[in-house]
Amino acid sequence: VSVNEAYLWIVDAGSGVKTLVTHKRAGEKVLYAEAAFSGDGKGLYVVTDEGSEFRQLAYLDLGSSKLNYLS
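What you are looking at is a predicted structure, and each value in this text was computed from that prediction instead of being measured. (Residues numbered from 1 in each chain as written. Predicted model: local features only at pLDDT ≥ 70, side-chain atom pairs only at ≥ 80, totals over all residues. Heavy atoms only, no water.)

### Considering the packing of aromatic side chains
The description of two aromatic rings rests on the distance between their centres and on the angle between their planes.
Line of reasoning, step 1. Considering all chains together, one arrives at 2 aromatic pairs under this definition.
Line of reasoning, step 2. Ring centres of Tyr7 and Tyr32 lie 6.2 Å apart, and the angle between their planes is 50°; on these two criteria the pair is classed as tilted. Note that Tyr7 is positioned in the segment before β1 (9–11) and Tyr32 in strand β3 (residues 32–37), a separation of 25 residues in sequence. Of the two residues examined, Tyr7 and Tyr32, each falls in the buried class.
Line of reasoning, step 3. Directly above the ring of Trp9 sits Lys18, whose terminal nitrogen or CZ lies 5.1 Å from the centroid. (Phe/Tyr/Trp six-rings, centres within 6.5 Å; stacked < 30°, edge-to-face > 60°. Helix = DSSP H or I, 4+ residues; strand = E, 2+ residues; numbered from the N terminus. Buried < 20%, exposed > 50% of the residue type's maximum accessible area, 1.4 Å probe, protein only. Lys NZ or Arg CZ within 6 Å of the ring centre and 35° of its normal.)

### So, the sheet that holds β3
Line of reasoning, step 1. Reading across the sheet, the 4 strands line up as β3-β4-β5-β6 and stay open at both edges, with antiparallel pairing between neighbours. At either margin of the open sheet sits one strand with a lone partner, and together these are β3 and β6 (67–69). Each neighbouring strand pair of the sheet contributes to a mean axis angle of 30°, computed without reference to strand direction.
Line of reasoning, step 2. Pairing geometry for strand β4 (residues 43–48) and strand β5 (residues 56–61), over 6 bridges, is antiparallel. Following the sheet pairing, Gly43 is matched in β5 by Asp61. (Pairing = 2+ DSSP bridges. Axes fitted to C-alpha atoms, helices over the stretch in contact; angles between N-to-C directions.)

### Notes on unusual backbone geometry
Line of reasoning, step 1. In this structure, Glu34 takes a positive phi of about 55° despite not being glycine.
Line of reasoning, step 2. Along the chain, the position of Glu34 falls in strand β3.
Line of reasoning, step 3. Taking the relative accessible area as the measure of exposure, Glu34 reaches 67% and is therefore exposed.
Line of reasoning, step 4. Within the chain, Ser65 stands out as a residue other than glycine whose phi angle is a positive 65°.
Line of reasoning, step 5. Mapped onto the elements, Ser65 comes out in the loop between β5 and β6.

In C-alpha cells form, the structure reads like this:
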C-alpha cells in the first residue's frame, strides 16, 4: 500500500489463488516487510510495526496466525 503500510500474501503459483496471511484492520496501518519462510515452512520471519511504533523482528506462525516478537 505504501512505505508505512504493507501486508503479506501467499500466492499459489499453479492456481493463482492468493491468501492474506497478515491481519488487516480498518483504520490501522501496519507494515510487514523482509519476510522469509522458516526452515520447516510453517511460518515466516518478518519485520513489523504491529502493536508498536517501532519495527521489530517477529515470527508469524502460518497455522495459528500468531505473531511472536523475537526482538
